[in-house]
Amino acid sequence: MIERVPPARRGLSRRRFMLLTGGIGAAAVAAACGSGTTASTAVGPGAPAVTAAEQARRTGTGRTVPVALRARPDRIDLGGVVVDTWAYDGRVPGPEIRVRRGDVLGVDFANALPEESTVHWHGIALRNDMDGVPGLTQSAVRPGDAFRYEFTVPDAGTHWFHPHVGMQLDRGLYAPLIVEDPADGRDYDLESVLVLDDWLDGAAGTPDEQLETLRRDGMPGMGGMRGMDHGSMGGTGGMGTSGMGTGADPANPLGPDTGDVAYPHYLINGRTAVDPITVAGRPGLRIRLRIVNAAADTAFRFAVGGHRMTVTHSDGFPVEPLGADSVLIGMGERFDVTVTLGDGAFPIVASAEGKDGQALAVLRTGGGAAPGPDARPAELTTNPVTGAQLRAPADVRLPAREPDRIHDLVLGMEMSGYTWTINGATYADHIPLEISEGERVRLRFVNGTMMFHPMHVHGHTYQVVDSSGSGARKDTSLVLPGRTVEVDLDATNPGQWMVHCHNLYHGEAGMMTVLSYVG
Ligand code: C2O
Ligand code: CU
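Note that this is a predicted model, so its numbers are computed, not measured.

1. Points about the overall build of the protein chain
For the protein chain, the helix and strand inventory stands at 6 helices and 30 strands. Per-residue burial over the protein chain gives 61% buried out of 519 residues. In the protein chain, of all internal contacts separated by at least 6 residues, the share reaching a separation of at least 24 is 76%. Accessible surface for the protein chain amounts to roughly 18300 Å². Of this, 52% is attributable to carbon and sulfur atoms.

2. Considerations on helix α4 (residues 207-217)
For α4, the full list of buried residues reads P207, Q210, L211, T213, L214 and D217. End-on view of α4: buried residues confined to an arc of 155 degrees, all on one side of the axis. Downstream of α4 by a residue or two, G218 has a phi angle that is positive, lying close to 85 degrees.

3. Brief notes about the side chain of D475
Mapped onto the elements of the fold, D475 is located in the loop between β26 (473-474) and β27 (476-479). Within the structure, the side chain of D475 is placed 2.7 Å from the side chain of T476, a separation counted as a polar contact. Leave out the neighbours within four places in its chain, and D475 touches H122, G123, D315, G332, R334, M455, H456, V457, H460 and Y462.

4. Examining the environment of E180
Note on placement: E180 falls in strand β8 (residues 175-180). Distance in space between the C-alpha atoms of E180 and R100 is 4.6 Å, their sequence separation being 80 residues. Beyond its immediate stretch of four places on either side in the chain, E180 contacts R98, V99, R100, R101 and A156. Only 2.8 Å separates the side chain of E180 from the side chain of R98, close enough to count as a polar contact.

5. Overview of helix α3 (residues 48-57)
Residues of α3 that are buried include every one of V50, A53, E54 and R57, and no others. In a view along the axis of α3, the buried residues occupy a sector of 100 degrees, so they form one face of it. Looking at α3, the residues exposed on the side facing more than 90 degrees away from the buried face are P48, Q55 and A56. Its buried side turned inward, α3 meets β6 (146-152).

6. As for the pairing of β27
Alternating residues of β27 divide into T476 and L478 and S477 and V479, and every residue in both groups is buried. Of the strand pairs in this sheet, strand β24 (residues 453-457) and β27 are connected by 4 bridges, and their pairing is antiparallel. The residue of β27 that forms the bridge with H456 is T476.

7. As for the coordination of the copper ion (ligand 2)
Coordination of the copper ion (ligand 2) by the protein involves H453 (ND1), C501 (SG) and H506 (ND1), with metal-donor separations of 2.0 to 2.1 Å. Taken in sequence order, the residues that donate to the copper ion (ligand 2) follow the motif H-x47-C-x4-H. What makes C501 buried here is its relative accessible area of 1%. By relative accessible area, which is 0% here, H506 ends up buried.

8. Side note on the nonpolar core
Counting residues in hydrophobic clusters, the biggest one holds 122 residues, and the most contacted among them are L105, W121, F302, F445 and Y505. Not counting residues within four places of it along the chain, the set of residues in contact with L105 comprises V65, V67, I97, V99, W121, Y149, E150, F151, V153 and L177. A273, A303, L360 and A375 belong to the second-largest nonpolar core, a separate cluster that totals 7 residues.

9. A short note on the sheet that holds strand β5 (residues 120-122)
Taking strand neighbours across the sheet as the criterion, the 4 strands line up as β3-β8-β7-β5 in an open arrangement whose pairing is mixed. Two strands close off the open sheet at either side, each with one partner strand: β3 (97-100) and β5. Averaged over all neighbouring strand pairs, the angle between strand axes comes to 25 degrees, with direction disregarded. Two strands pair when backbone bridges link them, and β3 and β8 are joined in this way by 4 bridges, in the parallel orientation. From the neighbouring strand, R100 faces β8, where its bridge partner is E180.

10. Some words on the packing of aromatic side chains
The geometry of two aromatic rings is summed up by the distance between their centres and the angle between their planes. Applying the stated criterion across every chain yields a total of 9 aromatic pairs. Ring centres of Y88 and F161 lie 5.5 Å apart, and the angle between their planes is 45 degrees; this geometry places the pair in the tilted category. Note that Y88 is positioned in strand β2 (residues 82-88) and F161 in strand β7 (residues 157-162), a separation of 73 residues in sequence. On the basis of an interplanar angle of 55 degrees and a centroid distance of 6.5 Å, the ring pair of F109 and Y149 is categorised as tilted. Of this pair, F109 sits in strand β4 (residues 104-111) while Y149 is found in strand β6, placing the two residues 40 residues apart along the sequence. Residue class for F109 comes out buried when judged on its relative accessible area of 0%. Among the residues examined, Y149 registers a relative accessible area of 0% and is labelled buried. Ring pairs connect the aromatic residues Y88, F109, W121, F147, Y149, F151 and F161, which therefore count as one cluster.

11. Observations regarding the pattern of salt bridges
Note that side chains of opposite charge can pair when their charged atoms are close. Taken as a whole and assessed by the stated rule, the structure comprises 38 salt bridges. Across the pair D108 and R148 runs a salt bridge, and its minimum N-O distance is 3.0 Å. Within this pair, whereas D108 is found in strand β4, its partner R148 is found in strand β6, the two being separated by 40 residues in sequence. Notably, a salt bridge pairs R215 with E212, separated by 3.7 Å at the nearest N-O pair. You can see R215 and its partner E212 sitting in helix α4, 3 residues apart, about one turn around the helix. Overall, R215 belongs to the partly exposed group, its relative accessible area being 36%. Overall, the relative accessible area of 45% leaves E212 in the partly exposed class.

12. Observations concerning the side chain of N503
Along the polypeptide, N503 turns up in the loop between β29 (496-501) and α6 (504-508). At 2.7 Å, the side chain of N503 and the side chain of D297 are in polar contact. Of the polar contacts made by the side chain of N503, one reaches the backbone nitrogen of Y505; its length is 2.9 Å. When sequence neighbours within four positions are dropped, the list of residues in contact with N503 reads A296, D297, M331, M451 and P454.

13. Observations concerning the confidence of the model for the protein chain
Residue-level pLDDT values for the protein chain average 89, and 87% of them are 70 or greater. For residues 1-36, every residue scores under 50 in pLDDT, and the model assigns this stretch 65 contacts once sequence neighbours within four places are set aside.

Rules behind the numbers
- Residues numbered from 1 in each chain as written.
- Chains lettered and ligands numbered in written order.
- Predicted model: local features only at pLDDT ≥ 70, side-chain atom pairs only at ≥ 80, totals over all residues.
- Heavy atoms only, no water.
- Helix = DSSP H or I, 4+ residues; strand = E, 2+ residues; numbered from the N terminus.
- Buried < 20%, exposed > 50% of the residue type's maximum accessible area, 1.4 Å probe, protein only.
- Contact = heavy atoms within 4.5 Å.
- Areas by Shrake-Rupley, 256 points an atom, 1.4 Å probe, with all protein chains shown as cover.
- Arc of directions from axis to C-beta.
- Polar contact = N/O pair within 3.5 Å; in protein donor to acceptor, adjacent residues only side chain to side chain.
- Pairing = 2+ DSSP bridges.
- Donors = N, O, S within 2.8 Å, 3.2 Å for Na, K, Ca; no water.
- Core = buried A, V, L, I, M, F, W, Y, C linked by side-chain atoms within 4.5 Å.
- Axes fitted to C-alpha atoms, helices over the stretch in contact; angles between N-to-C directions.
- Phe/Tyr/Trp six-rings, centres within 6.5 Å; stacked < 30°, edge-to-face > 60°.
- Salt bridge = Lys/Arg side-chain N within 4 Å of Asp/Glu carboxyl O.
- pLDDT = per-residue confidence, 0-100.

Take a look at the structure:
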């Protein structure tokens, strides 16, 4: 059956929102999630199907990995900048969690923040009641309270975790979650995890204040308001000249409008370019770089000076190895690359795409002066590889199958205020996208705006639809201005799952909806 979903009808969805907010606890929330138009019932986080799916995954190592994680306000040194922010266990990024595929991860999360929080495990096909979305999969963890997250980790790869509450991700609350595969290490000697971020918290107000500013000034690019407030942002001046359907210009692959926020700092592993981390190695060795873009409003163009990279994975899953001088990484995306090390000291640069500024790390395998904070390796001027160019090797492709159901997600905005929508509705008014367990589901992200959106699906790793049937397996994809990206997934993980823009400001301003299993 092919089902097209019409744009949201506001009256109906508002009624649902009232039911949602009236619910007490996850089960009540889930029960209220069903469609108002059919007799189907939402499969909530507490449903037997969720437990059954988890049981089916418990075939792995039999090992449970215990982790204690505390979120709290802290003073953090970012390298030349000391900020008061919120962080996991006093570090930015938070402490890495590393498990093996098939392990059970057991995280005792303590919330010492002044606000409610949760932890979302980005990229993991986990049991729905551990997904960390307040009001959908669990009740938010109140200040001073704790919550135990416990779930099987079924897929290897470079993943990460962060809160799913308000603007908290744009503080220091993020960290890598690395899931090792028994085959790891066959084609490289060393590895290093690099987490990219855009930073303003404690240096230029707070993320909440930034969102208020955007709301007060209206939609960036509309009426020149952005130019007034963010005059220092290079290359992001509103509507630009090339209009809809941009993205073809190799110098501006995202189109002319590359962000809503001018950040004072950009970081690799919590350090500014002024006082960067050093990645050490020896000439001739192969290093695997696991790169996570944890930024809220910044895509990064990433390059290693003097080196050519081979992209080996995206969003945790293997891709057919592809040579690249630079890669473009959207918010929420991960790229793994390997590099054969030269001799000397080299800049690893994450350049804020279409903005002024960059993050830097130093790669050192020999003598020589370290690159300065403004080092601009020539590789940055190349046309960057994006997720759309990657292909899945045969063993990770979804079997060929026609979709049983198609949902369109039209990405939009409202002309006044700072409001981003999916199918004409903000999250408060969303109509769930219903699917049934066992279906092949196609999501079509139709970008009707002038800006790119990194769209993310929880709990599943889809395959990007292309003519060859070999698009990459991913969970986050750049949808360029005026373009459509189609992805297929197998509905094998019952529950209620967020689909949203991983531009945190867009998500918080409404660009989120729910992929809802019904039964
Ligand atoms: Cu990083 Cu809702 O996700
Ligand atoms: Cu967006």
